[in-house]
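# Understanding the architecture of this molecule
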Amino acid sequence: MATFLYRLGRGAFRRRGLVALVWVALLFAAGFGAATASAPTSGSFSIPGTEAQKAFDVLDEKFPGMAADGATARIVVKAPAGASVNDPKYKTEVEKIVSGLKGGPGKAEVASVTDPYQAQAVSQDGSTAYVSVKYTVSGMELKDDTRDALKDSGTAAQSAGLTVEIGGDALMTAPETGSGEIVGIAIAAIVLVITFGSLIAAGLPLLTALIGVGIGVSSITALANVLDLGSTTSTLAMMIGLAVGIDYALFIVSRYRVELAEGRERDEAAGRAAGTAGSAVVFAGLTVVIALVGLAVVNIPMLTKMGFAAAGTVVIAVLVALTLVPAILGFAGKKVLPAGKKSRLFGKGKPAGAEPKANGGTRWARFVLRRPVMVLLVAVIGLGAIAIPASKLEMGLPDDGAQPVSTTQRKAYDLLSDGFGPGFNGPLMVVVDGDKKLADETEARIKGLEGVAAVTPPTPNEAGDASVITVIPKDRPSSVETENLVHTIRDGSGDDVLVTGATAMNIDFSQKMNDALLPYLALVVGLAFLLLMLVFRSILVPLKAALGFLLSVVAALGAVVAVFQWGWLGSVFGVEQTGPIMSMMPIFMVGVVFGLAMDYEVFLVTRMREAYVHGERPGQAVVTGFQYSARVVVAAAVIMIAVFSGFIGASEQMIKMIGFGLAIAVLFDAFVVRMAIVPAVLALLGHKAWWLPGWLDRLLPNVDVEGESLRKHLEGADGSPEAEGPGKDRELVNA
């Protein structure tokens, strides 16, 4: 593989005009597709194999149109203190809201508007009422004039003294990442400038990463409706693609400058950079892709599509690093200065071939080698303490109650809770697949259950062979009591009585994600062990890497629980409302962090193994690895943390939570696990760290991430470098 990548990188450098033209054409084509595609929807949501999904399937069959996924809205109206919405002057204003929505702008997308006085949607004390609106399209597909008509529907009523707030998914818009994303990119640029000591070299990874992300995100946007991708898919793909795109380009450019510092010609340096660092990029990208695609085993279509979309962006980032980066290096000319002449990244100005001066990585590695037990204990105990909150992890899906208190959705949610009871925001829909007798028996049984506030009479379908019963719990939708009520109804019913609705769907989704977390974690850790065993030809090094990854992930989950569930330092990260952790967040974080952790493991430890194989003592090999790789890994980690942290300012709670989780996980994995635990464990293991049984060594294929086969290919039989003349260049390229 290293030899193939060498030829690919060298060819891209020499044919840089053509390569750059192809990538620019792809960017324009993807951009045109995104610009001409219809706006992405919120994506359909299904959970195969759950009772809630089975109930929706029955509704589709027996009640055509009832389970349609059009947007809904509730316009909640509250009278002034001491007054009632039944007062004639207030009743008139409420009826104006109903008539305005039926006949005003956007009426073509309105399926139905319910009059609260006819639908008994007035609280017992008369203080609160709500108007239910059903649309023919999803919230993301609503036209601007329709959404504006909804927002303005209560303006006159507010002028008359009523409090009017609007809830429901009709107000759903595409998530905004805010200015934090720009700040993250700016920090990445500063880190690159400090790392390379050159504006041209620093700007190159940013440019190529933005091109790759532009192609990936534009492609997702263009295909969003065709593939039924959710509105958050492109944001998550951009988050991951931007981070890995910058990092992969950073590794290629860094190795290119090292090759220049050793006196090689520019095209030769580009080829060797692609053959050595490029091999590690391919492996690192492969681990990220496998982890993301592996989300399909959870069998949640929405999560599977998110994983595949993000994996596609990572593939583009790898291809960009292997082809576009060498091509742009060709355009940059001598402005990308050799590492030995300017940058502090390698050797601090030492001439080629001289003994590099001790840098920060060298000093830190020697410190760890002197006190490996102390460093290991402090790191493990520290991460273990941060991981403790993970034992109290509660998972769920957000509703309007998780919105910031300043939003109209949250205010509407609170008004409904105050006027109709906490459970009114999360009604349960009981689907009875049977005759009227079974429906009446089910209604009578549910009325006698603890935790039930109200039960509506069964509503039969036209054929009379199925009914729907609405159950209002006493407690809020995300409470343990409501979850217990759902289980109680299900346990006392047969296969013909099914519980569904948003609340039941959230409960089933959270349970499925919770059940899948440990098996998926075992799959990922096992995969990490096997892949790293191929790379490092060792058993204990992969075991250490996998356990370190597991420790960093659990610690990151602990931090997420502390901030988003318990509210610790919540104001610092813009968390206005605490609650259960997003159900898909832990398993998605495991998949992404696995790939990123393997990046740092590969780039750091491969240099150690290379030094060890060439005769250095185990301790000295650790120092050598840190001397040449630590600064690059630190720069890559800081960049990735900055990019992920930029998404903490997003308006969407899920994006905010994932941005924080990934940033803190990279912080723990790069700076605690890879920089502290890894050298400490290797120091304690000594020669045993690199032991592999002979039979297993013969059985495993040689992936050659270090590029040893490339060096042999480029050197003569006697070990001296082959001629670097033009004839030889052509021979290698055409081989």
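Counting of residues starts from 1 at the beginning of each chain's written sequence and follows it residue by residue. The model is predicted, so local features are restricted to residues of pLDDT at least 70 and side-chain atom pairs to those at 80 or more, both for listing and for counting; the totals for chains, interfaces and linings are taken over all residues. Each side-chain value is derived from all of the structure's non-hydrogen atoms; neither hydrogens nor water enter the calculation.

### Quick look at the pattern of salt bridges
The rule for a salt bridge is simple: a side-chain nitrogen of Lys or Arg has to be within 4 Å of a carboxyl oxygen of Asp or Glu. A full pass over the atoms with the stated rule returns 19 salt bridges. In this structure, the salt-bridge partner of Asp-267 is Arg-10, at a minimum N-O distance of 3.8 Å. Residue Asp-267 is located in helix α10 (residues 266-293), and its partner Arg-10 is located in helix α1 (residues 2-14); the two are separated by 257 residues in the primary sequence. Here the two residues Asp-267 and Arg-10 agree in accessibility, since each one is buried. Put simply, DSSP marks the helices as runs of H or I at least four residues long and the strands as runs of E at least two long, and each gets a number from the N terminus on. Partly exposed describes any residue whose relative accessible area lies between the buried limit of under 20% and the exposed limit of over 50%, with all areas from a 1.4 Å probe on protein chains only and scaled to the type maximum.

### Topic: the packing of helix α17 (residues 502-536) against helix α18 (residues 540-565)
Axes here refer to lines fitted to C-alpha atoms; in helices the fit is confined to the stretch in contact. Angles between the N-to-C directions go from 0 to 180 degrees. Direction vectors running N to C along α17 and α18 enclose 145°, while the axes themselves pass 8 Å from each other. Seen from above, α17 lies across α18 with right-handed handedness. Of the residues in α18, those in contact with Leu-521, Val-524, Val-525, Phe-529, Leu-532, Met-533 and Phe-536 of α17 are Val-541, Pro-542, Leu-543, Ala-545, Ala-546, Phe-549 and Leu-550. Each residue receives one of three labels: charged for Asp, Glu, Lys and Arg, nonpolar for Ala, Val, Leu, Ile, Met, Phe, Trp, Tyr, Cys and Pro, and polar for the others, Gly being one of them. Of the residues contributing to the contact of α17 with α18, the split by class is 14 nonpolar, no polar and no charged. Throughout, a crossing is termed right-handed when the near helix is turned clockwise from the far one, and left-handed when it is turned anticlockwise from it by less than a right angle. What makes two residues a contact is simply this: any of their non-hydrogen atoms within 4.5 Å.

### A look at the confidence of the model for the chain
Residue-level confidence of the predictor, termed pLDDT, takes values from 0 up to 100. Here the chain shows a mean pLDDT of 83. Residues at 70 or above account for 89%. Averaged pLDDT values over the elements of the chain bottom out at 34 in helix α24 (residues 726-734) and peak at 95 in helix α13 (residues 372-387). Taken together, the stretch residues 338-354 has pLDDT below 50 and engages in 40 contacts with residues farther than four places along the chain or on a different chain. Contacts for the low-pLDDT stretch residues 717-735, under 50 throughout, to residues beyond four places or in other chains number 26 contacts.

### Considerations on the nonpolar core
For this analysis, a nonpolar core means a set of buried residues of the types Ala, Val, Leu, Ile, Met, Phe, Trp, Tyr and Cys, connected via side-chain atoms within 4.5 Å. Counting residues in hydrophobic clusters, the biggest one holds 166 residues, and the most contacted among them are Tyr-248, Phe-549 and Phe-588. Here this core gets 20 residues from one element, more than from any other, and that element is helix α21 (residues 653-685). Setting aside anything within four residues of it in sequence, one finds Tyr-248 in contact with Val-281, Ala-284, Gly-285, Val-288, Val-314, Ala-317, Val-318, Ala-321 and Asp-599.

### Quick look at the side chain of Arg-537
With respect to the helices and strands, the residue Arg-537 is situated in the loop between α17 and α18. If sequence neighbours within four positions are ignored, Arg-537 has contacts with Leu-532, Arg-609, Trp-690, Trp-691, Leu-692, Asp-697, Leu-700, Pro-701 and Asn-702.

### Focus: the sheet that holds strand β1 (residues 72-78)
Within a sheet, each strand pairs with its neighbour through backbone hydrogen bonds, oriented either parallel or antiparallel. The pairing criterion is simple: DSSP has to find at least two bridges between the two strands. Read across the sheet, four strands follow the order β2-β3-β1-β4 without closing on themselves; strand pairing throughout is antiparallel. The open sheet has two edge strands with one neighbour each: β2 (110-114) and β4 (163-167). Neighbour to neighbour, the strand axes of the sheet diverge by 15° on average, direction disregarded. Here β2 runs beside strand β3 (residues 128-135); their pairing, made up of four bridges, is antiparallel. Within β3, the residue paired with Thr-114 across the bridge is Ser-132.

### Focus: the packing of aromatic side chains
Here a Phe, Tyr or Trp ring, Trp counted by its six-membered ring, pairs with any other such ring whose centre lies within 6.5 Å, and the pair is stacked when the planes are under 30 degrees apart, edge-to-face when over 60, and tilted otherwise. Scanning all chains against the criterion turns up 10 aromatic pairs. Ring geometry for Phe-251 versus Phe-603: centroids 3.5 Å apart, planes at 20°, classification stacked. Placement of the pair is Phe-251 in helix α9 (residues 233-261) and Phe-603 in helix α19 (residues 585-613), with a sequence separation of 352 residues. Looking at Phe-251, the relative accessible area reads 5%, which means it is buried. The buried category is assigned to Phe-603, whose relative accessible area is 11%. Aromatic ring contacts, followed pair by pair, group Tyr-130, Phe-420 and Phe-424 into a single cluster. A cation over a ring is seen here: Arg-16 above Phe-13, with NZ or CZ 5.2 Å from the ring centre. A positively charged side chain is recorded as over a ring if its NZ (Lys) or CZ (Arg) lies within 6 Å of the ring centre. The angle to the ring normal must also be within 35 degrees.

### So, the environment of Phe-671
Mapping Phe-671 onto the fold places it in helix α21. The exposure class of Phe-671 is partly exposed, given its relative accessible area of 29%. Separated by 292 residues in sequence, Phe-671 and Ala-379 have C-alpha atoms that sit 9.8 Å apart. Among residues more than four places away in sequence, those in contact with Phe-671 are Val-634, Ala-637, Val-638, Ile-641, Val-666 and Ala-676.

### A look at the pairing of strand β6 (residues 428-432)
Where a strand is regular, its side chains alternate between the two sheet faces. Along β6, four of the five residues are buried, which leaves the element largely enclosed by surrounding structure. Summarising the sheet, β6 and strand β9 (residues 467-473) pair through five bridges and their orientation is antiparallel. Counterpart to Val-431 in the pairing with β9 is Val-468. Across four bridges, β6 lies against strand β10 (residues 497-500) in antiparallel orientation. Counterpart to Val-430 in the pairing with β10 is Val-499.

### Here we look at helix α2 (residues 16-36)
Here, expected helix span is obtained from the residue count minus one, scaled by 1.5 Å. End to end, α2 covers 30 Å across 21 residues, agreeing with the expected 30 Å (1.5 Å per residue, within 8%). Turning to α2, its buried residues number three or more, namely Val-19, Ala-20, Trp-23, Ala-30, Gly-33 and Ala-34. The buried residues of α2 all sit within an arc of 155° when viewed along its axis, so they share a single face. Exposed residues pointing more than 90 degrees away from the buried face of α2 are listed as Leu-18, Leu-21, Phe-28, Phe-32, Ala-35 and Thr-36. Working note: the arc is built from the helix axis to C-beta atom directions.

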